[in-house]
Amino acid sequence: MADEIDPLAIDWCARAVKLRRVEEALLMGEMVTEARFGEDMSRYANASLADVKTALDEAIRKCQISRGETPKRTRYAMVGRMRPY
């Protein structure tokens, strides 16, 4: 039973490669859909670039963990506040 492949296991590295292709397609304008109704036309993308980037960052991080690497720490900037002095 140890040789069985878990059907729910995710290959994070393969997912990262696919998400990178989706990101590139969005940036190049390939994933834009156009709809025309008479003279009216609207264009929209099927996926949000921000959502794709978030999923890509997570997939890259989990891929690095699965390879035994230490992922880069996520840096959060501190909120700037005016000081009264």
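Scroll up for the structure.
These figures come from a predicted structure and were not determined experimentally.

Undergrad: Would you mind going over the nonpolar core in detail, with residue names and values included?
TA: Across soluble globular proteins, you tend to see nonpolar side chains buried next to one another. In this structure, Trp 12, Cys 13, Ala 16, Leu 19, Leu 56, Ala 59 and Cys 63 together form the largest nonpolar core, which totals seven residues. Elements represented by at least two residues in this core include exactly helix 1 (12–28) and helix 2 (49–66). Considering every element that reaches this core, the biggest residue donor is helix 1, with four residues.

Undergrad: Which residues make up a nonpolar patch on the surface, and what values do they have?
TA: Taken together, the side chains of Leu 27, Met 28 and Leu 49 present a nonpolar region at the surface, about 320 Å² in accessible area. With respect to the element layout, Met 28 can be found in helix 1.

Undergrad: So, the environment of Val 17: which residues are in play, and what are the values?
TA: Note on placement: Val 17 falls in helix 1. A relative accessible area of 44% means that Val 17 is categorised as partly exposed. Separated by 43 residues in the primary sequence, Val 17 and Ile 60 place their C-alpha atoms 8.8 Å from one another.

Undergrad: How would you explain helix 1 if you had to name every residue and give the values?
TA: For helix 1, built from 17 residues, the straight-helix expectation of 24 Å at 1.5 Å per residue is met to within 8% by its first-to-last C-alpha distance of 24 Å. Of the positions making up helix 1, those classed as buried are Trp 12, Cys 13, Ala 16, Leu 19, Glu 23, Ala 25 and Leu 26. Looking one or two residues past helix 1, Gly 29 carries a phi angle of roughly 85°, positive in sign.

Undergrad: How would you summarise the state of the cysteines if you had to cite specific residues and measurements?
TA: Counted under the stated rule, the structure contains one disulfide. The partner cysteine of Cys 13 in its disulfide is Cys 63, sulfur to sulfur 1.9 Å. Disulfide Cys 13-Cys 63: torsion about the S-S bond near 90°, hence right-handed. Of this pair, Cys 13 sits in helix 1 while Cys 63 sits in helix 2, and the two are 50 residues apart along the sequence. The two residues Cys 13 and Cys 63 agree in class, both being buried.

Undergrad: Explain helix 2 to me, and be specific about the residues and the numbers.
TA: Note on helix geometry: an α-helix contains 3.6 residues per turn, so any two residues three or four positions apart are oriented the same way. With 18 residues, helix 2 ought to run about 26 Å at 1.5 Å a step, and its terminal C-alpha atoms sit 25 Å apart, in line with that. Those residues of helix 2 that sit buried are Val 52, Leu 56, Ala 59 and Cys 63. One side of helix 2 holds all its buried residues, which, seen down the axis, span an arc of 70°. Facing away from the buried side of helix 2 by more than 90 degrees, the exposed set consists of Asp 51, Thr 54 and Asp 57. Contacts made by the buried residues of helix 2 are with helix 1. Among the residues trailing helix 2, Gly 68 stands out with phi positive, at a value near 90°.

Reading the values: the criteria
The numbers attached to residues start from 1 for each chain and follow its sequence in the written order. Restriction of local features to residues with pLDDT of at least 70 applies here, the model being predicted, together with a cutoff of 80 or more for giving and counting side-chain atom pairs; totals for whole chains, interfaces and linings are based on all residues. Excluding hydrogens and water, the side-chain figures rest on all heavy atoms present in the structure. Within this scheme, the nonpolar core is defined by two criteria: the residues are buried Ala, Val, Leu, Ile, Met, Phe, Trp, Tyr or Cys, and they are joined through side-chain atoms within 4.5 Å. Only protein chains enter the calculation, and the probe is 1.4 Å; a residue is then buried if its accessible area is under 20% of its type maximum, exposed if over 50%, and partly exposed in between. Each helix corresponds to a stretch of at least 4 residues labelled H or I by DSSP, and each strand to a stretch of at least 2 residues labelled E; elements are numbered beginning at the N terminus. Patch members must show over 30% relative accessible area and no salt bridge, and they are joined within 9 Å when carrying like charges or within 5 Å when they are nonpolar side chains of Val, Leu, Ile, Met, Phe, Trp or Tyr. Computed with the Shrake-Rupley method and a 1.4 Å probe, the accessible areas treat only the protein chains shown as cover for residues. A pair is scored as a salt bridge if a Lys or Arg side-chain nitrogen falls within 4 Å of a carboxyl oxygen belonging to Asp or Glu. One less than the number of residues in a helix, times 1.5 Å, gives the span that helix is expected to have. Two cysteine sulfur atoms form a disulfide, by the criterion used here, when they sit within 2.5 Å. The directions considered for the arc are those from the helix axis to the C-beta atoms. We call two residues in contact whenever any of their non-hydrogen atoms come within 4.5 Å of each other.

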